[in-house]
Amino acid sequence: MPDSQERKAETPKVHEHHVLDRFMHVTDQAVKILVQPHRGDINSPVVHKHDVFEDASEEDLRGFEVVTDSEGHHYAVRKEHH
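Conventions adopted
- Residues numbered from 1 in each chain as written.
- Predicted model: local features only at pLDDT ≥ 70, side-chain atom pairs only at ≥ 80, totals over all residues.
- Heavy atoms only, no water.
- Patch = residues over 30% accessible without salt bridge, like charges linked within 9 Å, V, L, I, M, F, W, Y side chains within 5 Å.
- Areas by Shrake-Rupley, 256 points an atom, 1.4 Å probe, with all protein chains shown as cover.
- Salt bridge = Lys/Arg side-chain N within 4 Å of Asp/Glu carboxyl O.
- Helix = DSSP H or I, 4+ residues; strand = E, 2+ residues; numbered from the N terminus.
- Buried < 20%, exposed > 50% of the residue type's maximum accessible area, 1.4 Å probe, protein only.
- pLDDT = per-residue confidence, 0-100.

### Concerning a nonpolar patch on the surface
Alright, step 1. On the surface, Val-31, Ile-33, Leu-34 and Val-35 cluster together to form a nonpolar patch covering roughly 420 Å² of accessible area.
Alright, step 2. Considering the arrangement of structural elements, one finds Ile-33 in helix α1 (residues 4-34).
Alright, step 3. Taking relative accessible area as the criterion, Ile-33 reaches 60% and is therefore assigned exposed.

So, in structure tokens, the structure goes:
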């Protein structure tokens, strides 16, 4: 049986865990109440603006083709240059 000093050492950990759980619960509830999601017009078209990084990525991806093996797995393979 643990002596009283060992039991006292365990008590703060349990208490700290409970306090943290309670804090996280209160914070989660506050976010749900106070933070309103941005809701735009759902009927407006989505506009995707490309930046330099996206343009470079798309250029690089044009150098690949998708192939399918006999088991139906898809792979990207660099296109051969002739």
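### A closer look at the confidence of the model for the protein
The predicted coordinates should not be examined in detail at positions where pLDDT is low.
Alright, step 1. In the predicted model, the protein carries a mean pLDDT of 79, and the fraction of residues at 70 or more is 76%.
Alright, step 2. Here α1 is the element of the protein with the lowest mean pLDDT, 72, and strand β1 (residues 64-68) is the one with the highest, 93.

### Observations regarding the pattern of salt bridges
Alright, step 1. In total, this model carries two salt bridges according to the counting rule given.
Alright, step 2. One salt bridge in this structure joins Lys-32 and Asp-28, with 3.5 Å as the shortest N-O distance. Of the two residues, Lys-32 and Asp-28 are both situated in helix α1; the distance of four residues between them amounts to about one turn of the helix.
Alright, step 3. Ionic pairing is found between Glu-59 and Arg-62, a salt bridge with its closest N-O pair at 2.9 Å.

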